[in-house]
Amino acid sequence: MDRELLERTLAELGQPSYRARQVWEHACAGAGSYEEMSSLPKSLRTELAGRVPFSTLSLEQQLEASDGTVKALFRTFDGHPIESVLMRYRDGRRSVCISTQSGCPLQCAFCASGQMGFKRDLTAWEIFDQALHFRQVDQVNHGALMGMGEPLMNLTAVLTAVRALPDLGIGHRHTSVSTAGWVPGIDKLATEGLPVRLALSLHAPDDELRRTLMPVTARFPIAEVIAACERFYALRRRKVLVEYLMLAGVNDRPEQARALVRLLDPGRFKLNLIPYNETGAGRGAFRGSSRAVIYSFRQALAKSGLEATVRVARGREIDAACGQLAGTAGTASRT
Ligand code: SAH
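Counting starts from 1 at the beginning of each chain's written sequence and moves along it residue by residue. Per-residue local features of the predicted model are confined to residues with pLDDT of at least 70, and side-chain atom pairs are confined, for both listing and counting, to 80 or more; whole-chain, interface and lining totals are unaffected and use all residues. The side-chain figures draw on all heavy atoms in the structure; neither hydrogens nor water molecules are used.

Asker: Tell me what's going on with the site of the ligand, and back it up with residues and numbers.
Answerer: For each residue, the test is whether any non-hydrogen atom lies within 4 Å of the molecule or strand; if one does, the residue is near. Residues in close proximity to the ligand total 21 residues, the closest being G149, S178, S201, H203 and N277. Separating an oxygen atom of the ligand from a side-chain N or O atom of S178 is a distance of 2.6 Å. Here a polar contact is recorded for every N or O atom pair within 3.5 Å, except that within protein the pair must consist of a potential hydrogen donor and a potential acceptor, and residues adjacent in sequence are included only if both atoms are side-chain atoms. For the ligand, an oxygen atom lies 2.6 Å from a polar atom in the side chain of S201. Under the convention used here, a 1.4 Å probe and the Shrake-Rupley method define accessible areas, while residue burial counts only the protein chains that appear. Burial of the ligand by the protein chains amounts to 95% of its free accessible area of 540 Å². Looking at the shell around the ligand, the elements with two or more residues in it are β8 (175-179), β10 (240-246) and β11 (269-275). Residues are grouped as follows: Ala, Val, Leu, Ile, Met, Phe, Trp, Tyr, Cys and Pro are nonpolar; Asp, Glu, Lys and Arg are charged; all remaining types, including Gly, are polar. Within the shell around the ligand, the residues separate by chemical class into ten nonpolar, nine polar and two charged. Each helix corresponds to a stretch of at least 4 residues labelled H or I by DSSP, and each strand to a stretch of at least 2 residues labelled E; elements are numbered beginning at the N terminus.

Encoded structure:
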């Protein structure tokens, strides 16, 4: 729901000033339509339905995996696909993974989102509405701007959306913004004063290898990206989460673990090792590291004092896991 359009429209209709907040609160509490907002006059509900689309996105398909993960495929008003995921955990965590662009300009070799090309930046309300949609499915309490796209290349819209997420129950401390290493965006985010977590997709300890996996390295070499993350830490005092995809024979050797230890100060960074999820990207060029290799890599890091967790893949059977969002929906049954 475009909040600015809502406010403008209610003002034009001569409604009292509390109305916009009232409608917004209903929507954020999980209402599915204006019709359900029984505290509004009937005529106003009809008027709003005609003038302010309840969502800026239309839901095209929704799939649910056996682990409770839900993936939604939406279309923007101008026909671009975007995907978003709700992950549900036994401890009550409800995490939404949302997209910030349709497609992605950065073309990482292992990621399906880059393969579909770049369509456009999403607006703030298109970003927010993905989370709002899942609020109609379940409670939500964690947010990850880790779906399709590079959030820090669309930062103004991302910030407006992030500022609205607490209305859905997603506080800033439970919100993560993930970047492929877009340095000016890291610095801008650091000065915004929001206590969100910054996540950095690193995936290689040296520029030569990283350039082959992530072309953005040619523009922003690792040393510059790490320096920007250190500035972020200095201002925000929140450890940066480094995401590291484990690719067999590519970046999972013991000497690469040692190189990571030299690069990352454990006081400022923590590491999340990500098992590779199959995608069409790279035409099958990549295989994920085995569990044994992932765990010995982790041990090598731990020995040097660098804390690392291993990400548990969710929703693989419906292509909802990291790197699998490509706007093509899936073949599993609809929910
Ligand atoms: N552009 C941002 C956010 C989107 S990607 C970024 O690069 O961080 C979200 C995460 O999924 C990134 O860490 C990305 O590297 C990871 N990812 C991409 N493809 C993947 C794959 N095939 N398997 C597992 N993780 C993948």
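Additional details are given in the paragraphs that follow.
Asker: How would you explain helix α9 (residues 222-236) if you had to name every residue and give the values?
Answerer: Compared with the 21 Å implied by 1.5 Å per residue over 15 residues, the 21 Å span of α9 between its first and last C-alpha is a close match. Along α9, the residues that are buried comprise I222, V225, I226, A228, C229, F232 and Y233. All buried residues of α9 project into a common sector of 155 degrees when viewed along the axis, lining one side. Of the surrounding secondary structure, the elements contacted by the buried residues of α9 are α7 (183-191), β9 (197-201), α8 (207-213), β10, α10 (254-263) and β11. Phi turns positive, to about 60 degrees, at R237, one or two residues after α9. What a helix is expected to span follows from its residue count: subtract one and scale by 1.5 Å. Burial classification: accessible surface area is computed with a 1.4 Å probe over protein chains only, and a residue below 20% of its type maximum counts as buried, one above 50% as exposed, and the rest as partly exposed. This arc is built from the directions going out from the helix axis to the C-beta atoms. Here a residue-residue contact requires only that any non-hydrogen atoms of the pair lie within 4.5 Å.

Asker: Kindly report on the domain arrangement of the chain, identifying the contributing residues and their values.
Answerer: For the chain, the domain assignment lists domain 1 (1-54) and domain 2 (55-318). Domain start and stop positions are those given by an automatic or database domain assignment. Between domain 1 and domain 2, the C-alpha centre-to-centre distance is 33 Å. With 13 residues of domain 1 at the interface, the matching set in domain 2 holds eleven residues. The quantity reported as buried area is the accessible area (1.4 Å probe) lost by two parts once they are put together, taken as the sum for both. Of the roughly 990 Å² buried between domain 1 and domain 2, counting both surfaces, carbon and sulfur atoms make up 55%. Of all residues in domain 1, M1, W24 and C28 give up the largest surface area on contact with domain 2, accounting jointly for 43% of the area buried on that side. What makes a salt bridge here is a side-chain nitrogen of Lys or Arg within 4 Å of a carboxyl oxygen of Asp or Glu, nothing more. In this structure, the connection of domain 1 to domain 2 is made through one salt bridge. In this structure, R3 and D167 form a salt bridge, with 3.6 Å as the shortest nitrogen-oxygen distance. Applying the counting criterion to the domain 1 and domain 2 interface returns seven residue pairs in polar contact (both at pLDDT 80 or more). Taken together, the elements giving at least two residues each to the side of domain 1 that touches domain 2 come down to α1 (3-12) and α2 (18-28). Counting residues per element, the side of domain 1 that touches domain 2 draws most heavily on α2, at three residues.

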